[in-house]
Amino acid sequence: MKKQQLFKNYILTRFSYKAALIPNSHLLVQMAPATTITSRRLQLRLPLGNYSQLQSWSPFCSRCLTKTHVLNPSPHQPHPMATSLTGTGVVWALISLVSAALASTAFYLPYWLHGTLPSFNNNTSKTHDVYFGSFRRCNYPKLTPQGDIVLVAECGRYTTFSHVPSVSWQVSTVLVGGASAVALLVAFTAVMACCVTDIINQSTARAAGLVQLVAAVLMCVGLVIYPNGWHAREVREACGGVSEAFVLGTCQLSYSYYTMCGTVVTLLICVCMSLKASRVKSGSYRI
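What you are looking at is a predicted structure, and each value in this text was computed from that prediction instead of being measured. (Residues numbered from 1 in each chain as written. Predicted model: local features only at pLDDT ≥ 70, side-chain atom pairs only at ≥ 80, totals over all residues. Heavy atoms only, no water.)

**Examining the state of the cysteines**
Tallying each qualifying case throughout the model produces two disulfides. Here Cys138 engages in a disulfide with Cys155; their sulfurs sit 1.6 Å apart. Disulfide Cys138-Cys155: the torsion about the S-S bond is 105°, which places it as right-handed. Of this pair, Cys138 sits in strand β6 (residues 136-143) while Cys155 is found in strand β7 (residues 149-157), placing the two residues 17 residues apart along the sequence. Among the residues examined, Cys155 registers a relative accessible area of 35% and is labelled partly exposed. Between the sulfur atoms of Cys239 and its disulfide partner Cys251 the distance amounts to 1.7 Å. The disulfide joining Cys239 to Cys251 has a torsion of about -100° about its S-S bond and is therefore left-handed. Of this pair, Cys239 sits in the loop between α7 (233-238) and β8 (252-253) while Cys251 sits in the loop between α7 and β8, and the two are twelve residues apart along the sequence. Like Cys239, the residue Cys251 is buried in the burial classification. Here Cys220 stays free of any disulfide, with the sulfur of Cys261 as its closest cysteine sulfur at 7.7 Å. (Disulfide = S-S within 2.5 Å. Helix = DSSP H or I, 4+ residues; strand = E, 2+ residues; numbered from the N terminus. Buried < 20%, exposed > 50% of the residue type's maximum accessible area, 1.4 Å probe, protein only.)

**Observations concerning the UniProt feature "transmembrane region" (unreviewed entry) in the protein chain**
If you check UniProt for "transmembrane region" (unreviewed entry), the listed places come out as residues 90-113, 174-195, 207-226 and 255-275 in our numbering. As a span, residues 207-226 carries 95% helix and 0% strand, and end to end its C-alpha atoms are 29 Å apart. (UniProt positions renumbered as here; feature names shortened; annotations may be inferred.)

**Here we look at helix α6 (residues 202-225)**
Compared with the 34 Å implied by 1.5 Å per residue over 24 residues, the 35 Å span of α6 between its first and last C-alpha is a close match. What α6 keeps buried is the set Ala205, Ala208, Gly209, Gln212, Ala215, Ala216, Met219, Gly222 and Leu223. For α6, the elements touching its buried residues are α4 (87-108), α5 (167-193) and α8 (255-273). One side-chain oxygen of the residue at the start of α6 lies 3.1 Å from the amide nitrogen of Ser203, identifying that residue as Asn201. (Expected span 1.5 Å × (residues − 1). Contact = heavy atoms within 4.5 Å. Polar contact = N/O pair within 3.5 Å; in protein donor to acceptor, adjacent residues only side chain to side chain.)

**Topic: the sheet that holds strand β5 (residues 127-132)**
Read across the open sheet, the five strands follow the order β7-β6-β5-β4-β8; overall the sheet is antiparallel. Of all strands in the sheet, those with a lone pairing partner are β7 and β8, marking the two edges. By the bridge criterion, six bridges tie strand β4 (residues 113-118) to β5 in an arrangement that is antiparallel. Residue pairing across strands places Thr116 opposite Asp129, the latter belonging to β5. (Pairing = 2+ DSSP bridges.)

**Focus on the packing of α5 against α6**
At their nearest, the axes of α5 and α6 sit 8 Å apart, and the two run at 155° to each other. Between α5 and α6, the angle is such that the two are roughly antiparallel. α6 is crossed by α5, and the crossing has left-handed handedness. Where α5 abuts α6, its residues Ser168, Val171, Ser172, Leu175, Val176, Ala179, Ser180, Val182, Ala183 and Val186 lie against Ala208, Val211, Gln212, Ala215, Leu218, Met219, Val221, Gly222, Leu223 and Ile225. (Axes fitted to C-alpha atoms, helices over the stretch in contact; angles between N-to-C directions. Parallel < 35°, antiparallel > 145°, perpendicular 65-115°, else oblique. Left-handed = near helix turned anticlockwise from the far one by under 90°.)

**Remarks on the packing of α6 against α8**
Where α6 contacts α8, the axes come no closer than 9 Å and their chain directions differ by 155°. Put simply, α6 runs roughly antiparallel to α8. α8 is crossed by α6, and the crossing has left-handed handedness. From α6, Gly209, Gln212, Leu213, Ala215, Ala216, Met219, Cys220, Leu223 and Val224 reach across to α8, where they touch Tyr257, Met260, Cys261, Thr263, Val264, Leu267, Leu268, Cys270 and Val271. Counted by class, the contact of α6 with α8 contains 15 nonpolar, three polar and no charged residues. (Nonpolar A, V, L, I, M, F, W, Y, C, P; charged D, E, K, R; others polar.)

**Observations concerning the environment of Thr204**
Along the polypeptide, Thr204 turns up in helix α6. With a relative accessible area of 35%, Thr204 lands in the partly exposed category. Counting along the chain gives 71 residues from Thr204 to Leu275, while the straight-line C-alpha distance between them is 9.9 Å. For Thr204, the side chain forms a polar contact with the main-chain nitrogen of Asn201, separated by 2.7 Å.

In structure tokens:
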């Protein structure tokens with residue numbers, strides 16, 4: 001008790017304010033209000049100094065000022081989120097994730113093209129909605145072993161990749177699928193950077209933006225090539241028999257196609273935002 005009282009008197013007489021730089025020790029002392037100062041309320045931070053200076057500074061309370069007090073911060077102190085992203089970078093990560101998720105979902109769902117087929121039960125007044133994607137379709141005709149044509153009311157992919165009715169649709173599948181996968185990879189990396197320090201700096205953020213630009217271009221090319229396959233036989237049957245390459249006939253573009261067009265625009269916006277996504281310069285890391 002006597003040592004603690006001497007230590008308290010020493011602090012009160014020498015330091016009458018809350019923060020002071022101790023001479024020749026490079027230690028920043030942060031103290032509570034003077035009425036409640038005790039040796040246990042001191043918080044010491046030693047940037048790169050020598051711990052021997054810490055012991056020699058206070059002979060009154062060498063037991064209280066130890067390496068443990070310096071290395072282990074108080075559990076009641078809030079710690080900021082470890083991220084190298086700016087506010088713009090956080091928005092960039094979220095928009096990238098939403099865009100990639102929408103692009104992947106729209107690519108998988110076979111609602112790119114909407115057409116109609118007549119009933120195969122000699123009832124020409126009734127029609128059925130059919131949908132086409134680049135590698136999947138919904139409500140398609142099928143030949144039974146008895147030689148009858150029935151309408152299969154379900155969605156499914158073509159049996160093999162070679163059964164996709166058009167080479168243009170095969171190319172579109174590869175381009176849009178690859179673009180969606182790349183966009184997802186960048187999005188997951190950007191989201192991880194919101195919680196982990198130094199995953200993304202200014203150079204890697206710009207590189208990620210460049211990858212997103214490539215994904216947007218690939219997706220755009222795939223969407224432009226897709227209408228070139230509208231001359232396929234099964235598409236013509238669903239589009240009134242008058243569809244040709246880049247000519248819809250009686251068919252209509254459906255919401256998956258429009259969703260992917262929208263994701264191309266959002267990916268281009270993400271490319272611009274990636275230029276201001278990180279506050280950490282290239283080659284610098286926080287310790």
